[in-house]
Structures are given as structure tokens and as C-alpha cells.
Amino acid sequence: MSRKNVVVVGHGMVAHRFVEALRVRDEQNSWSVTVLGEEADAAYDRVGLSSYVGAWDRKELALAGNDYAADDLVDLRVGTRAVGIDRAARTVTTAGGDVLPYDSLVLATGSYPFVPPVPGHDLPGCFVYRTLDDLDGIRAAAERAKAAGLAGIVIGGGLLGLEAANALRLLGVTPHVVEYNNRLMPAQVDEGGGRVLDRLVTDLGLVTHTGVGTEKIEAGSEALQVTLSDGSVLEAGLVIFSAGIRPQDELARGAGLELGGRGGVLTDRTCRSTSDEAVYAIGECAAVEGTCYGLVAPGYSTAEVVADRLVGGTAEFPGADLSTKLKLLGVDVASFGDAHATTPGALEVVLSDSAKGTYAKLVVSDDAKTLLGGILVGDASAYGTLRPLVGRELPGDPATLISPVGEKPGVGALPDDAEVCSCNGVTKGAICGAISEGACDIAQIKSCTSAGTTCGGCLPSIKQLLAQSGVQMSKALCEHFEQSRAELFEIVQATGIRTFSALIAQYGTGHGCDICKPVVASILASTDSDHILHPKQAGLQDTNDHFLANIQKNGTYSVVPRMPGGECTPEQLIVIGEVARDFGLYVKMTGGQRVDLFGARVEQLPQIWKRLVDAGMESGQAYGKSLRTVKSCVGSTWCRYGVQDSVGMAVALELRYRGLRSPHKLKMGVSGCARECAEARGKDVGVIATENGWNLYVCGNGGQSPKHAQLLAGGLDDETLVRYIDRFLMFYIRTADRLQRTAPWLDALEGGLEHLKEVVCDDALGIADDLEAAMAKHVEGYKDEWAGVLEDPEKLARFVSFVNAPEQPDPTVRFDDSGPRKVPVLVGMPGIGPGTGA
Amino acid sequence: MTVIETHTVGGSTRDSVFDGRLEWTSACPLSHLIPGRGVAVLLRGGEQVALFLLDDGTLRAVGNFDPFGRAAVMSRGIVGDRGGEPTVASPLLKQVFSLDDGRCLDDPSVRLPVYEVRVWAGVVQIHSLVPRDQRHEGPTGEGS
């Protein structure tokens, strides 16, 4: 069978989703895909466009897998505009003159921003808010406006307008918002909600002008003069239009395809054009049965429908839930169902608290029994339980559902087919099913059902379901401690208990185990600077910490000296080489820019370390749940592209945090420019140089489930960078679970990245001084653990294979040197003792 | 092979320990052991034993050879308890074994040999399991 071609016009979020969905479903590889993207960037997170402000890093917004690099059947052409469709010949022509044949054509051209025909709308300094390029232009103009002390004007006070206003605020420019309707966000909220919202955003520094239009824009000598319909004139350095979007249907119009009443490619419920069976439309440019949807979730539905149809499926557009819940400028706004009470006979129940800045409205049926919709401003915490109740009988008096003291219905009151996670369409029944099949925490539910993986708004509901299903959300560390690691950390801090035996006697039961002992050892190490082999702690350490080396499969150990930032002197490298040669060690470079020496027996470790310490080296803590390495690229000192001294910063960070014990291993990276050669975004702490200072990324990791680190703060000077890392690390060390790396810790952290930013950057919990002091104590108390062993005969005496034969090497340790590299040889079972089954 | 007696009793080394006829091997003075921590002991004939002092002051000895990881490492495991039964966890793949009877609590088909321990004049001694006349030549007892 010959392969068919599908041409996709547009490469936004929905187009990307379509390509991914098709490639997953098309198991026979019967389609080859050509994607034409007009923008220079491949698909990026346009919904998160505002997060581009600050870091100014395009890669940050790129959607995962958007280059299809590993897929030969996808041909992505960015910066390529389609200019014509020949429906008879079934070809698409590009601006560059290429003619591409198709068997099916998928239009995913999205929308364009609507700019009202105000005189002067095209003057320099006027922008729209749609693409990364738009934001780059806004940034430059805003910086000039800031320098000149000028304000910025946003025309349109809807969702996007408030996003644009926030961007201006972040750029240091006072935003004025001009909205023709008598309230902000008229599509989502009513007058009462609008009043509360207006007040909340005014408190944040926005100046709002509602109920007025824009008459004209004129260029003054220094600034733009914007005349409003009430005659007032505003001066501004820039103007941003965000007065809505229109479907981008120019290409379809030119091809003679039938359009919807308000534009957009008219399609049936299968997203197929009503006038050409070879043409589909998805996303914002599609008028599915006449309706265009400007949200990404229905767009994704259309992408899935078409992908399914192309492989012979029968999917249909299921309709869309236009409910929204968002945080704009830190203000909660939610709107769901029939928010504007358009149903005949609908009743409204309103609770407005101007003092607290909250507004809540429920729309109910004329008998006050069925929930039809609602609006929440200032506090949208009830959204998770209210939205799935739309169209269903209310579990109680509507007023109590939104009253701050009322009995909340909880997710338990919902029927099984109610959608708890609307982003991924997961019902309460599906979540309960996962729980009954053994999922017993949020992470497992996320991975079995994908509920809660997008906006996270339903996580409180999932927690409730877990609690109600009888699943004990046990935080118990093990059978000996009912407490979680974080709680034990608090107990140790508050009580000053410094021994495991006292801790387990007072707060636990039994004698401990291989789970709780290393946890307590780590907590003790994080809170004081005692040597980890101090007699009171030695029995708690697992074998790696006990022998300050990494155990390998045959019971020998590997040795890793610290090389801060990957730096090493020739003399040290020579000593490492000599040690490896003299002790017959296998040498391998680690991923963290240092050298690993394998195959040392316990009694050899002190002799090896004597020579390394004498040469000025120290423990690399490769064996510990602790800081491993700070990887760096060579940075501005040598590299012609580097913009900052990444090696210098990496060395400084490694020397600061070396020896720091944590719930799991910690890795860091520092890159000297945006090329990111140190792969810092794959680390728990990633630092990337920009011309404006350091960007700090947190909570990434490689390994089994790789995660990119996320931007915590941008444009930092050295001092602020170190202060933020101090706070971040200590906050993690205090609150994470056992063996929980930073990425899952952040996933589980209530409030997520936003909350972390508040704690680290804004000191929202008031603990920043305390966290910094704890880190200062660590830095001051740091001593090299191996030097500490070498100077203590008591500790040295532990480094023997046999207590009764200290000089005797373990005869079961053997190696095979015959191959290309030295490898350990495991022994067969000794033929002794019962049950060994030789 | 050489097994070194690390202590003396009554001022004179007990020659009889060296002659290969006694079934008890001296490990170390009791005071050398850290509660909750193991040491490895090499018995005459090549058996390796993991010796532990528990928090309650009692001693346990099991085979040092980890049947899952196939390396002599059990003495380096973390000591604890499960439901009150004293245990040690393999430092390689973390299987937990009873220190009372040597059985693996995670896989009942596997068992570590258990050794008799005594304290003789302040010195911990371990009794061999393999009778002298059945010992193999090689130090590991695998006859390699």
C-alpha cells in the first residue's frame, strides 16, 4: 500500500497535538505528515505566552517533541507560509513556491488578533499580543517607556488584556486597561464579579477605564496620545490591542471553502469541511457546526477527532466545556456553566464580600435544585467541586455551597460520571477505579488516569477521594515511625534530639530498619556538622555512607574525588592515575564531570584516600544522598559565546553546598550562555547565564523520568542567586519525603511552582532568614569526611574486610582482566550451611 | 591460610585456637562491636560470617554471603527489626533477612546459615557449621 500524505497548515499547540496524536494512532505508518508553520518557532505554549516575560527564553515555551526529530515520517517546515490551496489538484502552495500534494489537508491556522479600526492603530508603538515576536517588540517598547516614565495602555479588558497588563507590570510599566464594556472580563464574569475583580487588580497597580471606547491614537513628540470616548487623553509609551481574536480563515476563503457565520472553516462534527471531504479544520480556525472555540481544550479535542478519522476511526467532536479557572495577576477567577444566567427562569444566589475581595455566584434552576453555572472571583477554591455539579441536583442549599462557613459538599457528593479533571476528561468513577485497583497516592493516580496532570486544579478533589475511599494516606515512614520524613525533621529541630535511640524511644517503636535509620542519619547530618561516622550515627548509615564510597555488585567500592565544577589540576589528575594504576582500579568518567575509580576493597579505601587527600583532594560524596556535582560549561573565560563565568559560579556553588545531606541526591549545573552546554535544566538546580544576570531553574532531573527544571527567577545577580538557592535547598531538605527528588517534591507541593516562588523569592512564609541561617551553619561546619576518617584511628579501624584478619583481603573478590575492561566476577554459592542451595 | 587471633587471654595466646582442631573462631573483643552494626569474620576453612551486636546487647551471626547479590556483604547491611524480629537488610538489593533464623523475609525460599555465637572471656567467638573433614580446599568453600 502506498503511503498517503497529510499536509498540516499551521504549527500551533493544536497542530502539534494533531501530529502527535496521528503518529501514535497510525501504527501502520500509512501517513506521512508535512507541517507548514508560519512562525519561525516550532509549536510553543501560547497559553503560557506571558511566562516568556522575565526569562525571555523561547526554548522555555517550546512544546515537548515539537521538532519530531526522531520521526522520519514528519516533515516540519517552520517559517513557511502557505499561500494557496488547489482543491482540484489537491495541492498546497507555499510562499517559497513549493507545491505540496496532499491526500488530506488539515487547516490549523489558528486566529489573528482583532484590532479595532481606530485611527492611529498602526502607529509605531502599537502592538498585538499573540506571538513570541509580538512580546519581543513589546519588551523593547516597554523598556523605552519605563526609561521615559511613560505608562502602557492595553485596549481590551478580557482575559488576554489582563495578561498583557500583567506583562507590562512585570516590565516595570504602569498598565492602563481600557474596556468598552462596563466591567473587566465581560465574557466570564457579571457586574458584581467585575466590581470585585476591578478592585483586586487596581490594588495590584493597574489603572482601569471601563465603559469607554478608544477614539483615536496620535503620535506626540515623546509619546502616543490616546483619546478615549469620554474625551480624556492618556499618554503612553506603547499600546497593546487585545480586543479579541478572529479565526484565521484567509487561506480557506481563497480556496472557496464554506465559512461559518462568524468566520472560520465550517465543518461537521467530524471536523471535516462541509465543502471538501479531503479538508479538515482543527483548533481556533475551525467553525465546528458553526461555532469557533478560542480555548485550547476544545482545540485538542478537534485534533484528536481528525487524527482518529484519518486512521479510519469514527470519533466526533464531543462539544466543549467552556468553563475556565485561572489566576490572573494572582487573582482567582472562575466561570462555569451558564455563568450569565441565560436559562429561562434561572435564579442567582450571590455572596459578595467586598471587604475580603471575594465574589461568588451560583446560577440554579427555577426550583433552586439544579446547578446551572457560576462565577467565582477572588477565591475559586470551590470550583473543583462545583463545576462537575453543573446540570445535576444540588446536594444542599445553594447558599451554603459558597458560604465561607457553609458545609461544603465535597467531591464525595458527585455521581461517578461527573468529570473531576476537566483538562483530561477524567471522571470521578475513573479515579475511584484507579484507587480500588491499588493507586494510593496522588502520584499513582496521576500516572494511571492522567487526572491532575495539566492545571492541577482538581488535586484537592483527588485528595478528598483518596481520603474518602478509605485509603489511608499514610505518611508513615516505615513500621517504626508514623511520622513522615518532614515531620521527623521538625521534631529533630524542635527537640534538639541528636540520637536515633532517643528519637525512636520517644516518637517511634521497635529498633528501626534500613528505611528509617538512613533517613534519621540524613536529618541529623542536615541539622548539624557531626562526622557521619560519629559512633552515635555510624550504625544508621547505609554501607555507602559507612565506607564513604559506592558499593558495587561484588561488594567492592568505587571512589570519586570531588572536582568542583569539573576542574582538576594536572598534578591531581596524575595522582588519580597513579592511584588507579597502583591499586588496579577500573577508571571511568562520570556524567558529572569527574573520575570514578572502581574495584577498591574496604581495606584499600583509607590507603587510596590518604594519597588523594595528600594531593589536595577531598570526598566527592558520590556515595551520599547529598550534593553530587555542579556541572559546568567552560563559560565566558574561554568560550567565545559565553556571557558569564559559569565555571567560577559552578566552583563557588559546589564549594558552598558540598557535603550537604538531603532527602535524595542533588545535582546542579551552570551554563555560561543560552546554548546550555552544561545541561543545567536537567538538574535539581540549574543556572543559566544571560546578559542580564543568572536565570535560576529548579526541580529538573534526568534518570528514569526525566524532567526539565522550571524557571524560578530570572536576571539575578550573584548574591541573590546564592540566596535563592540557599532558601530553595533548605526548604526542600526540610519538607521533602524520603528519597523524593526535587521534581516529584514540587509536583506534590501544594500550590506548585507559584508557591515555591512565593516562598523563595517573596518570603511568603517568613522563613527565608531561618533557611539562610541553616545553610550558613552548614557552610561554616563543613569538613572533608575522608580527612576526618584518616585522622581518627577509631574510624580507620572499621575499614577491614574481616574483623579478625585486618590484613586479609576478602578472597571472594575477583576480577576478570581479560576483556576490553576490568570487570568483577561474582562467585558461585559457597557450599555451606542450610538453605544455600549450592 | 592465616587467621589472626586478635587478642590474648590471661596473658598468653591460646595456641589451641590455631591448631585447626577447635570449632570456635575468635572474632574480636565484645567491646569492639558497635550496637546495630555488623562486622565480617573469616572462619577457618573459609566460611564468612556476618556478626552483629544488637541494641539489647545480644549477638547474632549469619552467613556473610548474600545469596541474591552473590557477594560477601551481609555484615555491611543495616540492622533493624520487623515486627520485633531482628533483621539485616542486604546492602546490595535490600532483601531483608531474619537474624534469628536466617530466613529471607522477602522470599521465604532463601535462607542464610545461622551460626552459634558465644562470649568467652570478653571475646566473641563463632562456631563453624561445616565439620572440619568436609571443608573444601578453597577459601570460599566453592572449591575453585
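Residues numbered from 1 in each chain as written. Chains lettered and ligands numbered in written order. Predicted model: local features only at pLDDT ≥ 70, side-chain atom pairs only at ≥ 80, totals over all residues. Heavy atoms only, no water.

Pulling in residues and values, what's your account of the overall build of chain A?
Summing up its helical and strand segments, chain A has 27 helices and 38 strands in all. Taken over 838 residues, chain A has a buried fraction of 53%. Total accessible area computed for chain A in this model is approximately 35,200 Å², and 49% of it derives from carbon and sulfur atoms. (Helix = DSSP H or I, 4+ residues; strand = E, 2+ residues; numbered from the N terminus. Buried < 20%, exposed > 50% of the residue type's maximum accessible area, 1.4 Å probe, protein only. Areas by Shrake-Rupley, 256 points an atom, 1.4 Å probe, with all protein chains shown as cover.)

Mind laying out helix H19 (residues 570-583) of chain A, listing which residues take part and the relevant values?
Quick reminder: α-helices carry 3.6 residues per turn. Residues three or four places apart thus point the same way. Residue and element names in this part refer to chain A. Compared with the 20 Å implied by 1.5 Å per residue over 14 residues, the 20 Å span of H19 between its first and last C-alpha is a close match. Along H19, the positions that sit buried rather than exposed are Gln572, Val575, Ile576, Val579, Ala580 and Phe583. Taken end-on, H19 shows its buried residues confined to a sector of 135 degrees, consistent with a single buried face. Exposed side chains of H19 directed beyond 90 degrees from the buried face belong to Pro570, Glu571 and Arg581. Taken together, the buried residues of H19 touch strand S30 (586-589), strand S31 (595-600) and helix H20 (605-614). Of the residues flanking the end of H19, it is Gly584, one or two places downstream, whose phi is positive at about 65 degrees. (Expected span 1.5 Å × (residues − 1). Arc of directions from axis to C-beta. Contact = heavy atoms within 4.5 Å.)

Could you give an account of the packing of aromatic side chains, naming the residues involved and the relevant values?
Residue and element names in this part refer to chain A. All told, the structure shown has 13 aromatic pairs over all chains when counted by the stated rule. Residues Trp609 and Trp786 carry aromatic rings whose centres are separated by 5.5 Å and whose planes lie at 10 degrees to one another, so their mutual orientation is stacked. One end of the pair, Trp609, is in helix H20; the other, Trp786, is in helix H26 (residues 785-790), and 177 residues separate them in sequence. For the pair shown, Trp609 and Trp786 are each scored as buried. Three or more aromatic residues link up through ring pairs in this structure, and these residues are Phe547, Tyr557, Trp609, Trp786 and Phe799. (Phe/Tyr/Trp six-rings, centres within 6.5 Å; stacked < 30°, edge-to-face > 60°.)

I'd love a proper account of the interface of chain A and chain B, names of residues and values included.
Counting residues at the interface gives 46 residues for chain A, matched by 49 residues for chain B. Interface area for chain A against chain B, summed over the two sides, is near 4,000 Å², with a carbon-plus-sulfur share of 58%. Inspection of the region where chain A meets chain B yields 13 residue pairs in polar contact (both at pLDDT 80 or more). Contributing elements (two or more residues each) for the side of chain A that touches chain B: helix H16 (516-527), helix H17 (535-538) and helix H18 (543-547) of chain A. Tallying contributions element by element places H18(A) first for the side of chain A that touches chain B, with three residues. Its residues assigned to classes, the side of chain A that touches chain B comprises 18 nonpolar, 20 polar and eight charged. (Buried area = accessible area lost by both parts, 1.4 Å probe. Polar contact = N/O pair within 3.5 Å; in protein donor to acceptor, adjacent residues only side chain to side chain. Nonpolar A, V, L, I, M, F, W, Y, C, P; charged D, E, K, R; others polar.)

Got a sec to walk through helix H15 (residues 500-507) of chain A? Specific residues and values, please.
All names here are of chain A. Among the residues of H15, Phe500, Leu503 and Ile504 are the ones counted as buried. Buried residues of H15 fall within an arc of 90 degrees about the axis and therefore sit on the same side. Facing away from the buried surface of H15 by more than 90 degrees, the exposed residues are Ser501, Ala505 and Gln506. At its buried positions, H15 is contacted by helix H14 (485-495) and H16.

I'd love a proper account of the environment of A:Asp57, names of residues and values included.
Residue and element names in this part refer to chain A. Mapped onto the elements, Asp57 comes out in the loop between helix H2 (52-55) and helix H3 (58-61). Since its relative accessible area comes to 13%, Asp57 is described here as buried. It is 9.8 Å that separates the C-alpha atoms of Asp57 and Leu132, two residues lying 75 residues apart in sequence. In this structure Asp57 touches Tyr52 and Tyr697, once residues within four positions along its chain are discounted. Within the structure, the side chain of Asp57 is placed 3.3 Å from the side chain of Tyr697, a separation counted as a polar contact.

So what about the pairing of strand S12 (residues 207-210) of chain A? Which residues, and what values?
All names here are of chain A. Sheet topology note: the strand S11 (residues 175-179)/S12 ladder contains four bridges and is parallel. For Glu179, the partnering residue across the bridge sits in S12 and is Thr210. After leaving S11, the chain enters helix H6 (residues 191-203) and then returns to the sheet as S12, a path that is right-handed. (Pairing = 2+ DSSP bridges. Right-handed = clockwise from strand over helix to strand, strands pointing away.)

Account for the sheet that holds strand S6 (residues 99-101) of chain A, with residues named and values stated.
All names here are of chain A. Taken in spatial order, the three strands of this open sheet run S4-S5-S6, and their pairing is antiparallel. Each edge of the open sheet is held by one strand with a lone partner, namely strand S4 (82-86) and S6. Adjacent strand axes in the sheet meet at a mean angle of 25 degrees, parallel and antiparallel pairs treated alike. (Axes fitted to C-alpha atoms, helices over the stretch in contact; angles between N-to-C directions.)

Describe the confidence of the model for chain B, with residues and values.
All names here are of chain B. In the predicted model, chain B carries a mean pLDDT of 80, and the fraction of residues at 70 or more is 75%. Taking the mean pLDDT of every element in chain B, the minimum, 42, falls on helix H1 (residues 15-18) and the maximum, 97, on strand S4 (residues 59-63). Across residues 1-21 the pLDDT falls below 50, and counting only partners more than four positions away or on other chains, this stretch makes 35 contacts in the model. Low confidence marks residues 137-144, where pLDDT is under 50. Its contacts with residues over four positions away, or in another chain, come to 17 contacts. For this predicted complex, the interface confidence comes out at an ipTM of 0.82, alongside a pTM of 0.59. (pLDDT = per-residue confidence, 0-100.)

I'd like to hear about the side chain of A:Lys795, residue by residue, with values.
One can find A:Lys795 in helix H27 (residues 793-796). In contact with A:Lys795, not counting residues within four places along its chain, are A:His531, A:Leu533, A:His534, A:Gly788 and A:Val789.

Provide a residue-level description of unusual backbone geometry, including the pertinent values.
Residue and element names in this part refer to chain A. In the Ramachandran plot, Leu548 falls in the positive-phi region, its phi being about 50 degrees despite a non-glycine side chain. Exposure remark for Leu548: the relative accessible area of 2% places this residue in the buried category. The phi dihedral of Asp763 is positive, around 50 degrees, even though this residue is not glycine. Within the element layout of this structure, Asp763 appears in the loop between helix H24 (752-761) and helix H25 (768-781). Judged by its relative accessible area of 26%, Asp763 is partly exposed.

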